[in-house]
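# An overview of the molecular structure
The lines below spell out each chain.
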Amino acid sequence: MSTMTTGTVYLVGAGPGDPELMTVKARRLLDSADVVFHDSLVGDGVVDSIPHDVRVEPVGKRAGGERTPQAEINDRLVRAARAGREVVRLKGGDPTIFARGGEEAEHLARHDVPFEVVPGITSAVAAPGVAGIPPTHRDHASTLAVVTGHEDPTKADSALDWDALSGLVDAGGTLVILMGVGRLPDNTAALRAAGVAADTPVAMIERATLPDERVVTGTLDTIVDIADAAGIEPPAVTVVGDVVGVRETVARCLGSSDAMAEAPVATPHVVGVTDSD
Ligand code: SAH
């Protein structure tokens, strides 16, 4: 029987992209790990900051155009830990928000591998935040829902209740949609069909906290054309709700960070929410 002690797997959030938005604990674990398995969403700056003596294994869902099957990732985590390695499983944002961290934790537990969750700043909160849009606000929003926009809203067994989400937005809540670029037309149509007002403010934040971050704003009726004209691509976060209007009030003084200062100006496509109806 092997006397080797099983290593620990750390399910670590890398934050939204800017390496300075990683936790101190994530930094320490990356510096001392034996091996790091990372997703493609993890910012290049974060990956580049991993010391050269740490083995780095990209297992991004689309690394080199190929998907690494989840079962294979699960298996590699267990094998590395059983070989006595200290393993970091690094994910963009927070490891438990639309990142399969929960499934990996279950798999590790089933195989008696000790693990620890190291939370990261999720893009669901960071992206609106850096764009001057507070997900909650005493005067505008007391509820926050974070959903995946990846599902087909017309699918009968859709996991999302668009009527409920529409009610939330109507009541002044904030809806944050991740993975929602491809299905933006479907999702905005689903909200409209469920009765959300056409002039409800919407923002999209592309590559938040990275040097080429871009923000576009519009309304439920205009955002599809605006995003299309601007060529918004994943990864981007979509925010629906009155809080988007706060950006307009604060934009004048926003953007003192390096990332914002260097961001390409998307002015032709930025529609002030008050001018758009
Ligand atoms: N675990 C991640 C989310 C993974 S799902 C987190 O907590 O942030 C992938 C989606 O996250 C993308 O489609 C996009 O909607 C969002 N996302 C992640 N990083 C982003 C970034 N820097 N800017 C904008 N959106 C981002």
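Residues numbered from 1 in each chain as written. Predicted model: local features only at pLDDT ≥ 70, side-chain atom pairs only at ≥ 80, totals over all residues. Heavy atoms only, no water.

## Details of the site of the ligand
As a reminder, the rule being used: We call a residue near a molecule or strand whenever a single non-hydrogen atom of that residue lies within 4 Å of it. For this analysis, a polar contact is any N or O atom pair within 3.5 Å, provided that within protein one partner can donate a hydrogen and the other can accept it, and provided that sequence-adjacent residues contribute only side-chain to side-chain pairs. Where accessible areas are quoted, they stem from the Shrake-Rupley method and a 1.4 Å probe; at the residue level, only the protein chains shown are allowed to cover. When residues are sorted by character, Ala, Val, Leu, Ile, Met, Phe, Trp, Tyr, Cys and Pro go into the nonpolar class, Asp, Glu, Lys and Arg into the charged class, and all the rest, Gly among them, into the polar class. Marked domain ranges trace back to an automatic or database domain assignment.
Near the ligand lie 18 residues; those nearest to it are Ile-97, Thr-122, Ser-123, Ala-208 and Ala-236. Within the backbone of Asp-94, a nitrogen or oxygen atom sits 2.9 Å from an oxygen atom of the ligand. For the ligand, an oxygen atom lies 2.9 Å from a polar atom in the backbone of Met-179. Protein burial of the ligand: of its 540 Å² of free accessible surface, 93% is covered by the chains. Residue composition of the shell around the ligand, grouped by class: 12 nonpolar, four polar and two charged. Two domains each provide a minimum of three residues to the shell around the ligand, namely domain 1 (9–118) and domain 2 (123–275).

## Section: the sheet that holds strand β7 (residues 174–178)
Let me state the cut-off plainly: Pairing between strands is defined by DSSP: at least two bridges between the two strands are required. Numbering of helices and strands runs from the N terminus, with a helix taken as a DSSP run of H or I at least four residues long and a strand as a DSSP run of E at least two residues long. Geometry is summarised by axes, namely lines fitted to C-alpha atoms with helices restricted to the contacting stretch, and by angles between N-to-C directions that run from 0 to 180 degrees. By definition in these notes, contact holds between two residues if any of their heavy atoms fall within 4.5 Å.
The strand order across the open sheet formed by five strands is β6-β7-β10-β8-β9, and the pairing between neighbours is mixed. The open sheet has two edge strands, β6 (144–148) and β9 (214–219), and neither has a second partner. Mean inter-strand twist for the sheet, computed between neighbouring axes without regard to direction, equals 20°. Bridge count between strand β8 (residues 201–206) and β9: six bridges; the pairing is antiparallel. Paired with Val-202 across the strands is Gly-218, a residue of β9. Against the sheet, helix α6 (residues 162–170) contacts β6, β7 and β10 (236–240), and its axis sits at roughly 130° relative to β7.

## Considerations on the sheet that holds strand β1 (residues 9–13)
Spatially, the five strands line up as an open sheet ordered β3-β2-β4-β1-β5, and their pairing is parallel. With partners counted over all chains shown, the strands left at the sheet margins are β3 (55–58) and β5 (115–118), one partner each. Strand-to-strand twist in this sheet, taken as the mean axis angle between neighbours without regard to direction, amounts to 20°. Bridge count for strand β2 (residues 35–38) against strand β4 (residues 87–91) is four bridges, and the pairing is parallel. Residue pairing across strands places Val-35 opposite Val-87, the latter belonging to β4.

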